[in-house]
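These are the residues of each chain, in order.
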Amino acid sequence: NAGVTQTPKFRVLKTGQSMTLLCAQDMNHEYMYWYRQDPGMGLRLIHYSVGEGTTAKGEVPDGYNVSRLKKQNFLLGLESAAPSQTSVYFCASSYGRGGYNEQFFGPGTRLTVL
Amino acid sequence: AQRVTQPEKLLSVFKGAPVELKCNYSYSGSPELFWYVQYSRQRLQLLLRHISRESIKGFTADLNKGETSFHLKKPFAQEEDSAMYYCALTINFGNEKLTFGTGTRLTIIP
């Protein structure tokens, strides 16, 4: 089992460019999440999905879009990148069982927007 | 809305000394609490969860509903405990979202 994988690992963009981050999981999890991690801010939820074909906004959704066309994949898109989106992006997935819930994280994508 | 506060950004402890990482939460209902850890060059991973009442790697955490706290404790620190620690909260019968604190970087001094 590969667990949660993220593509790419690193990326540098210019302001205004677009890109898509791919998250894949092979654990048959229903729930998937995208976070960003910034110094002093912890992890903040961008968007999440509670099942194939569903998406919902998290804490900091502006400037991002997501899609969950297949259960195992969760895509995060930046339509017009801004320097404020420079961050480390983490994807996670879980079965979703309340107090027994464990989120499994990917290795992260380090994005720099110039 | 729920909120998790970790008051210490940085914490340095000598090897063999006790460790306590503080976590306070605000939520009007009954939350479920977790501690996640990120070791250097590793993924963020679950350390322990309140509902399991477990001790992992010598760490324990007790939910104090009166003080709305979920502090992480270990009686004798080890060098391999150096890492970033995040406290997190979810609500039952919700959408399984986790709300994270801002994290505490623990450094064990040899």
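Residue numbers restart at each chain and count upward from 1, following the sequence in its written direction. The naming scheme follows written order: chains are lettered A onward, ligands numbered 1 onward. In view of the model being predicted, local features appear only for residues whose pLDDT reaches at least 70, and side-chain atom pairs are presented and counted only at 80 or more, with totals across whole chains, interfaces and linings using the full set of residues. Calculation of side-chain values draws on the structure's entire complement of heavy atoms; hydrogens and water are dropped beforehand.

(A) The interface of chain A and chain B, seen in detail. Pairs of residues are marked as contacts when any of their non-hydrogen atoms sit within 4.5 Å. Taken together, the contacts link 25 residues of chain A with 21 residues of chain B. Note: buried area is the sum, over both parts, of the accessible area (probe 1.4 Å) each one loses when the two are combined. The largest per-residue losses of area from chain A upon contact with chain B belong to A:Leu43, A:Gly99 and A:Phe105, which jointly make up 26% of the total buried on that side. The working definition used for a salt bridge is a side-chain nitrogen of Lys or Arg within 4 Å of a carboxyl oxygen of Asp or Glu. Applying the counting criterion to the chain A and chain B interface returns zero salt bridges. Polar contact criterion, stated in full: a pair of N or O atoms within 3.5 Å, where within protein one must be able to donate a hydrogen and the other to accept it, and residues adjacent in sequence count only if both atoms are side-chain atoms. At the boundary of chain A with chain B, the tally comes to five residue pairs in polar contact (both at pLDDT 80 or more). The nonpolar class holds Ala, Val, Leu, Ile, Met, Phe, Trp, Tyr, Cys and Pro. Asp, Glu, Lys and Arg form the charged class, and all remaining residues, Gly among them, are polar. Along the lines of polarity and charge, the residues of the side of chain A that touches chain B split into 14 nonpolar, nine polar and two charged.

(B) Broad picture of the side chain of A:Ser49. All names here are of chain A. Numbering of helices and strands runs from the N terminus; a helix is a DSSP stretch of H or I covering at least four residues, while a strand is a stretch of E covering at least two. If you trace the backbone, Ser 49 turns up in strand S5 (residues 42-49). Three labels apply to residues, based on accessible area from a 1.4 Å probe with only protein chains included: buried if under 20% of the type maximum, exposed if over 50%, partly exposed otherwise in between. Given the relative accessible area of 1%, Ser 49 is considered buried. Of the polar contacts made by the side chain of Ser 49, one reaches the backbone oxygen of Gly 51; its length is 2.9 Å. Setting aside residues up to four positions removed in sequence, Ser 49 forms contacts with Glu 30, Tyr 31, Met 32, Thr 54, Thr 55, Arg 68 and Phe 74.

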